[in-house]
Amino acid sequence: MSSYSKGLEVADLVTFMHKVFKNQFSGPRTALVLSKKYLFENNTKYGIRKFFDYRMLDIKSNKVYNIKTRDIKVVKIIKGSN
């Protein structure tokens, strides 16, 4: 199942790069997805891509952030159990 079509799931542990400025990304971060809110979807040449606003707990800093789909590049997903 692709994170582009369904988004990340609550309880997933995600390693990602966060967009800092235009196409520049920060080093990898690891966070736990606490909740997600549907924003909109786009029809692309690869199929429908859905966009979400995630509430994530950064594992290292222990801070909660709101991050939008368009501002991250997913490196690795460890599926959580719901």
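Predicted model only: the values in this text are computed from it and were never measured.

### Thoughts on the pattern of salt bridges
Here comes step 1: Following the criterion strictly, the structure yields two salt bridges and no others.
Here comes step 2: Notably, a salt bridge pairs Glu9 with Lys36, separated by 3.7 Å at the nearest N-O pair. Linking Glu9 in the loop between helix 1 (3-6) and strand 1 (13-21) with Lys36 in strand 3 (residues 29-44), this pair joins segments that are 27 residues apart in sequence.
Here comes step 3: Glu9 gets classed as partly exposed once you look at its relative accessible area, which sits at 29%.
Here comes step 4: Among the residues examined, Lys36 registers a relative accessible area of 29% and is labelled partly exposed.
Here comes step 5: Between Lys79 and Asp12 there is a salt bridge whose closest N-O contact spans 3.1 Å. Here Lys79 is found in the segment after strand 6 (72-78), whereas its partner Asp12 is found in the loop between helix 1 and strand 1, with 67 residues between them in sequence.
Here comes step 6: On the accessibility criterion, Lys79 (52% relative accessible area) is exposed.

### With respect to the environment of Lys60
Here comes step 1: Assignment of secondary structure puts Lys60 in the loop between strand 4 (47-58) and strand 5 (64-68).
Here comes step 2: What makes Lys60 exposed here is its relative accessible area of 82%.
Here comes step 3: Separated by 31 residues in sequence, Lys60 and Arg29 place their C-alpha atoms 8.3 Å apart.

### Some remarks on the confidence of the model for the protein chain
Close reading of the predicted structure is inappropriate where its pLDDT is low.
Here comes step 1: With 94% of its residues at a pLDDT of at least 70, the protein chain reaches an overall mean of 88.
Here comes step 2: At the level of individual helices and strands, the protein chain shows its lowest average pLDDT in helix 1, which scores 70, and its highest in strand 3, which scores 94.

### What about a nonpolar patch on the surface?
Here comes step 1: Where nonpolar side chains cluster on the molecular surface, the patch consists of Tyr38, Leu39 and Phe40 and spans about 250 Å² of accessible area.
Here comes step 2: Looking at the secondary structure, you find Phe40 in strand 3.

### Re the packing of aromatic side chains
Here comes step 1: In total, this model carries three aromatic pairs according to the counting rule given.
Here comes step 2: Where Phe40 meets Phe51, the ring centres are 4.6 Å apart and the plane angle is 15°; that geometry is what we call stacked. Taken together, the residues Phe40 in strand 3 and Phe51 in strand 4 connect sequence positions eleven residues apart.
Here comes step 3: Note that Arg29 overlies the ring of Tyr65, its terminal NZ or CZ placed 5.4 Å from the centroid.

The rules behind the values
Residues numbered from 1 in each chain as written. Predicted model: local features only at pLDDT ≥ 70, side-chain atom pairs only at ≥ 80, totals over all residues. Heavy atoms only, no water. Salt bridge = Lys/Arg side-chain N within 4 Å of Asp/Glu carboxyl O. Helix = DSSP H or I, 4+ residues; strand = E, 2+ residues; numbered from the N terminus. Buried < 20%, exposed > 50% of the residue type's maximum accessible area, 1.4 Å probe, protein only. pLDDT = per-residue confidence, 0-100. Patch = residues over 30% accessible without salt bridge, like charges linked within 9 Å, V, L, I, M, F, W, Y side chains within 5 Å. Areas by Shrake-Rupley, 256 points an atom, 1.4 Å probe, with all protein chains shown as cover. Phe/Tyr/Trp six-rings, centres within 6.5 Å; stacked < 30°, edge-to-face > 60°. Lys NZ or Arg CZ within 6 Å of the ring centre and 35° of its normal.

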